[in-house]
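# Results of the structural survey
One-letter residues, chain by chain:
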Amino acid sequence: KSYWLSAFFFPQGFMTAARQTYARKTATPIDTLVFRTEIQSEDKSKLTKPENGVYIHGLFLQGAKWDSEKGQVGESDPGVQFFYMPVIWLDPVTLDKYVDRNHFKCPLYKTSLRRGTLSTTGHSTNFVLELDLDTSEDPLHWTRRGVALLCQPE
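Note that the structure is predicted; figures quoted are calculated from it, not measured.

## Side note on the pairing of strand E11 (residues 148-152)
Of all five residues in E11, four are buried; the element is thus mostly enclosed. In this sheet, E11 lies alongside strand E4 (residues 60-62) in antiparallel orientation, the contact comprising three bridges. Each bridged residue has a counterpart across the sheet, and for leucine 61 the counterpart in E11 is leucine 149. With three bridges joining them, strand E9 (residues 103-111) and E11 adopt parallel strand pairing. By the bridge assignment, tyrosine 109 is partnered in E11 with leucine 150.

## What to know about helix H1 (residues 11-26)
The first and last C-alpha atoms of H1 sit 23 Å apart over 16 residues, in line with the 22 Å expected at 1.5 Å per residue. By the burial criterion, the buried members of H1 are Pro11, Gln12, Phe14, Met15, Ala18, Tyr22 and Ala23. Packed against the buried residues of H1 are strand E1 (2-4), strand E2 (33-39), strand E3 (54-57), strand E8 (88-94), E9 and strand E10 (127-134). Of the residues trailing H1, alanine 27 is marked for its positive phi of about 55°.

## Considerations on the layout of surface pockets
Taken as a whole, the largest pocket holds about 330 Å³ of empty space. Lining of the largest pocket is provided by 22 residues; of these, Thr37, Glu38, Ile39, Trp66 and Asp134 occupy positions nearest its centre. Those elements that place two or more of their residues in the lining of the largest pocket are E2 and E10. At four residues, the largest contribution of residues to the lining of the largest pocket is made by E2. Its residues assigned to classes, the lining of the largest pocket shows seven nonpolar, six polar and nine charged.

## Points about the pattern of salt bridges
Enumeration according to the criterion identifies five salt bridges in this entry. A salt bridge links aspartate 132 to lysine 105, with the shortest nitrogen-to-oxygen separation between them at 3.1 Å. One end of the pair, aspartate 132, is in strand E10; the other, lysine 105, is in strand E9, with 27 residues separating them in the sequence. Using a relative accessible area of 7% as the deciding quantity, one classes aspartate 132 as buried.

## Some thoughts on the state of the cysteines
Inspection of every chain in the model, using the stated rule, returns zero disulfides. Free cysteine cysteine 106: the closest other cysteine sulfur is in cysteine 151, separated by 11 Å.

## Quick word on the sheet that holds E4
One open sheet accounts for five strands, arranged E7-E4-E11-E9-E10; its pairing is mixed. Each edge of the open sheet is held by one strand with a lone partner, namely strand E7 (82-84) and E10. This sheet shows a mean twist of 35° between the axes of neighbouring strands, independent of strand direction. With three bridges joining them, E4 and E7 adopt antiparallel strand pairing. Along E7, the bridge assignment pairs glutamine 62 with phenylalanine 82.

## Quick word on unusual backbone geometry
Positive phi outside glycine occurs at alanine 27, with the angle close to 55°. Topologically, alanine 27 is positioned in the loop between H1 and E2. Taking relative accessible area as the criterion, alanine 27 reaches 71% and is therefore assigned exposed.

Calculation criteria
- Residues numbered from 1 in each chain as written.
- Predicted model: local features only at pLDDT ≥ 70, side-chain atom pairs only at ≥ 80, totals over all residues.
- Heavy atoms only, no water.
- Buried < 20%, exposed > 50% of the residue type's maximum accessible area, 1.4 Å probe, protein only.
- Helix = DSSP H or I, 4+ residues; strand = E, 2+ residues; numbered from the N terminus.
- Pairing = 2+ DSSP bridges.
- Expected span 1.5 Å × (residues − 1).
- Contact = heavy atoms within 4.5 Å.
- 1 Å grid on protein atoms, 1.4 Å probe; cavity = no way out; pocket = protein on both sides within 12 Å on 5 of 7 lines; lining within 4 Å.
- Points joined across faces, edges and corners; volume = space filled by probe spheres on them.
- Nonpolar A, V, L, I, M, F, W, Y, C, P; charged D, E, K, R; others polar.
- Salt bridge = Lys/Arg side-chain N within 4 Å of Asp/Glu carboxyl O.
- Disulfide = S-S within 2.5 Å.
- Axes fitted to C-alpha atoms, helices over the stretch in contact; angles between N-to-C directions.

Here it is, written out as structure tokens:
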């Protein structure tokens, strides 16, 4: 039902596979697809398989927290460096159907080092992708704070 993203050695490949599955199902060119992000309020054991896309879990938010009541990024609690994120639904949509509201484009890294090198596949060895997180603040606020999602807190 939900994939533990942190367990993958190469999560970028998993993301490509999720988009490719949708592309084949709908006969849509894969290069026109992006992920619409939706944070789930339900426990992963209660989720059913989505019609499109995938559920992922096991991510940590650094520099902020997820406010479940408001459904958006919020200021982190004092002394809390990492916040365990709820399940996230990655729903593939075409670029023309993608609506960019007031989202914070949160970078997802494999580790907290936030640096990597380009591998022979052309992918970063650390950066995975950006996920849209709802916010009532200016998204630049969270960028300046260095907020990021991580597969492995260190």
